[in-house]
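# Structure assessment
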Amino acid sequence: MKLSMSSDAKTKIAAVMGPNQRLLLSFDDGVGPFSNVGYCSLDTSFDLIIVDKDALTPDYDAMIDSDLGPVAVKGYSKTYMSEHMQLTENTTFNTLQLTGDSEQLDPNVQIRVMSGSTAE
């Protein structure tokens, strides 16, 4: 499984990510400290979470390759991903969009920077 990123997406991530941080691609399903959804939803939703390198993230038990190095994911959430994914800038919403082999997975991926348990 591979996550490619457009140059615009990499620039957007680099603007908020420090050298002592790492990436999580979070399936927003109500599981774990970074998930906001706690109810039944028909939409598939992902967030790109930036955490400190030493942050404890036991729910993120699998890794996928990306242009910026390994990205941690919840292992079971790979069911909702494609073998070849791409993050590109969504200028309409000032976010990113995640596409898969032949489909749009999430048109509105937020970048969230977490320090401890609070978003910056």
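Fair warning: this is a prediction, and the values are worked out from it, not measured in the lab.

## Side note on the overall build of the protein
- A tally of helices and strands in the protein yields one helix and nine strands.
- Relative to its full complement of 120 residues, the protein shows a buried share of 41%.
- Relative to all contacts within the protein whose residues are 6 or more apart in sequence, the contacts with residues 24 or more apart total 58%.
- For the protein, the exposed surface amounts to about 6,500 Å²; the carbon and sulfur share of it is 48%.

## Brief notes about the pairing of strand β7 (residues 95–99)
- Both strand β6 (residues 84–90) and β7 contribute to a ladder of five bridges, which runs antiparallel. Bridge assignment links Glu-89 to a residue of β7, and that residue is Leu-96.
- Turn length for the β6-β7 hairpin, with the two strands adjacent in sequence and antiparallel, is four residues, and the turn residue Asn-94 shows positive phi of about 55°.
- With three bridges connecting them, β7 and strand β8 (residues 104–115) associate as antiparallel partners. Paired with Leu-98 across the strands is Asp-106, a residue of β8.
- In this structure, the hairpin formed by β7 and β8 is closed by a connection of four residues.

## Comments concerning the environment of Ala-9
- As for its placement among the helices and strands, Ala-9 is situated in helix α1 (residues 7–14).
- For Ala-9, a relative accessible area of 0% puts it in the buried group.
- The spatial distance from the C-alpha of Ala-9 to the C-alpha of Leu-87 is 6.4 Å, given a sequence separation of 78 residues.
- Every residue in contact with Ala-9, bar those within four places of it in the chain, is listed here: Leu-87, Thr-88 and Leu-96.

## What to know about the pattern of salt bridges
- For the coordinates displayed, the defined rule picks out two salt bridges.
- Among the ionic pairs, Arg-112 bridges to Asp-47, the shortest N-O distance being 3.3 Å. One end of the pair, Arg-112, is in strand β8; the other, Asp-47, is in strand β3 (residues 46–52), with 65 residues separating them in the sequence. For the residue pair Arg-112 and Asp-47, the accessibility class agrees, reading buried in each case.

## Some details on the packing of aromatic side chains
- Applying the stated criterion across every chain yields a total of two aromatic pairs.
- When the ring of Phe-27 is compared with that of Phe-46, the centres are 5.5 Å apart and the planes differ by 50°; the resulting orientation is tilted. Pair noted here: Phe-27 is in strand β2 (residues 21–27) and Phe-46 is in strand β3, with a separation of 19 residues, a long-range link.
- Look at Phe-27 and you get buried, because its relative accessible area is 10%.
- Judged by relative accessible area, Phe-46 falls into the buried class, the value being 0%.

The rules behind these values
- Residues numbered from 1 in each chain as written.
- Predicted model: local features only at pLDDT ≥ 70, side-chain atom pairs only at ≥ 80, totals over all residues.
- Heavy atoms only, no water.
- Helix = DSSP H or I, 4+ residues; strand = E, 2+ residues; numbered from the N terminus.
- Buried < 20%, exposed > 50% of the residue type's maximum accessible area, 1.4 Å probe, protein only.
- Contact = heavy atoms within 4.5 Å.
- Areas by Shrake-Rupley, 256 points an atom, 1.4 Å probe, with all protein chains shown as cover.
- Pairing = 2+ DSSP bridges.
- Salt bridge = Lys/Arg side-chain N within 4 Å of Asp/Glu carboxyl O.
- Phe/Tyr/Trp six-rings, centres within 6.5 Å; stacked < 30°, edge-to-face > 60°.

These results come straight from atomic positions and should not be treated as a statement about function.
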